[in-house]
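So you can see what is in the structure, the chains are spelled out below.
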Amino acid sequence: MNRRDLIRGGLAAGAALALPARALAQDLSQQFDQAFGSNPAVPPPVPPVEPALPVSVAPNPAYDARLVEIAKRELGRAGNAVWRQDIVGVADFARPSTLPRFHFVNLEAGTIRSFLVSHGRGSDPEHSGFLQAFSNVPGSEATSRGGYLTAEWYKGKYGTSIRLLGLDQDNSHALERAIVMHPAAYAAPSHIAKFGKLGRSEGCFAMAPDQFNEALWHLSGGRLLYADRIEIA
């Protein structure tokens, strides 16, 4: 074999060796482009959006009849502990905080008027807008179920408020826990418009400031307030 043939053979072998290296470089280049931007970046996963809570409810005669039934039943159960029996407040914590769930049941006039009311943060730790649990434990900041006697007005942190006396084992620490009715901006419809739900209390029944006079004039002074989850059979 002459010198020219040797040179040709060496060039051919070098080309053969270069082919795998070139393919490897192209593969690495493609991987780099995919990772760092020649190709469009894959967008991060979008977290699921919580469904909006309802802000209105259709009229329901069966539900209204159930409220009247509960008001009469709880008045009978409370007996002489209640001084005035014309209007009973019924708080239905089966409903989310976005719905009117504090019902003024006027047994004399046969009418029901409904308002927003907050529940305690201890009853809804994740701030879902729904009451998850009741508690009577001091320091729990939770809402308690059961019957309350509305007592006198007093000036407190939120202005004029109404003291409550617990009538049941489930709310027997109401006075000790300072569970009262009071006005609060976080219980107003504007709070729902901004945050999607009401704010939470420390277990008190908080109403919108411009609606709280309804409680001062029509639910205080020895009337009954009853709180629970209301179910329709």
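The structure this text deals with has already been given above.
Conventions used here
Residues numbered from 1 in each chain as written. Predicted model: local features only at pLDDT ≥ 70, side-chain atom pairs only at ≥ 80, totals over all residues. Heavy atoms only, no water. Salt bridge = Lys/Arg side-chain N within 4 Å of Asp/Glu carboxyl O. Helix = DSSP H or I, 4+ residues; strand = E, 2+ residues; numbered from the N terminus. Buried < 20%, exposed > 50% of the residue type's maximum accessible area, 1.4 Å probe, protein only. Core = buried A, V, L, I, M, F, W, Y, C linked by side-chain atoms within 4.5 Å. Contact = heavy atoms within 4.5 Å. Pairing = 2+ DSSP bridges. Phe/Tyr/Trp six-rings, centres within 6.5 Å; stacked < 30°, edge-to-face > 60°. Lys NZ or Arg CZ within 6 Å of the ring centre and 35° of its normal.

Visitor: Requested: an account of the pattern of salt bridges, with residues and values cited.
Guide: Considering all chains together, one arrives at 10 salt bridges under this definition. With its nearest N and O atoms 3.5 Å apart, the salt bridge here joins R121 to E141. Of the two residues, R121 is situated in the loop between β3 (111-115) and β4 (146-156) and E141 in the loop between β3 and β4; the sequence distance between them amounts to 20 residues. Residue R121 is classed as partly exposed on the basis of its relative accessible area, which comes to 32%. Across the salt bridge formed by R145 and D228, the nearest N and O atoms sit 3.2 Å from each other.

Visitor: Now, about the nonpolar core: what can you tell me, with residues and values included?
Guide: In a soluble, globular protein the nonpolar side chains are often hidden away together inside. One finds F102, M181, F205, M207 and L225 to be the most contacted residues of the largest nonpolar core, which totals 23 residues. For this core, the element with the most residues is helix α4 (residues 212-218), which contributes three residues. Sequence-distant contacts of M207, that is, excluding residues within four places in its chain, are made with F102, F104, F115, L116, V117, M181, H182, P183, A184, A187, F212 and A215. Listed in part, the 12 residues of the second largest apolar core include I70, V90, V105 and L224.

Visitor: I'd like to hear about the pairing of strand β8 (residues 224-228), residue by residue, with values.
Guide: Burial analysis of β8 places five of its five residues in the buried class, which makes it a mostly covered element. On β8, burial covers both faces: L224, Y226 and D228 on one face and L225 and A227 on the other are all buried. As judged from the four bridges shared by β4 and β8, these two strands associate in the antiparallel manner. Bridging from a neighbouring strand, Y148 pairs with L225 of β8.

Visitor: Could you give an account of the packing of aromatic side chains, with specific residues and numbers?
Guide: For the structure on display, the rule yields eight aromatic pairs. Ring centres of F102 and F104 lie 5.4 Å apart, and the angle between their planes is 70°; this geometry places the pair in the edge-to-face category. Each member of the pair, F102 as well as F104, carries the same accessibility label: buried. The interplanar angle of 40° and the centroid separation of 6.3 Å between the aromatic rings of F102 and F205 together place this pair among those described as tilted. Here F102 is found in strand β2 (residues 102-106), whereas its partner F205 is found in strand β7 (residues 205-207), with 103 residues between them in sequence. On the accessibility criterion, F102 (0% relative accessible area) is buried. A relative accessible area of 1% places F205 in the buried class. Cluster of aromatic residues (ring-pair linked, three or more members): F93, F102, F104, F115, F134, Y148 and F205. Positioned above the aromatic ring of Y154 is the side chain of R163, whose terminal nitrogen or guanidinium carbon lies 4.1 Å from the ring centre.

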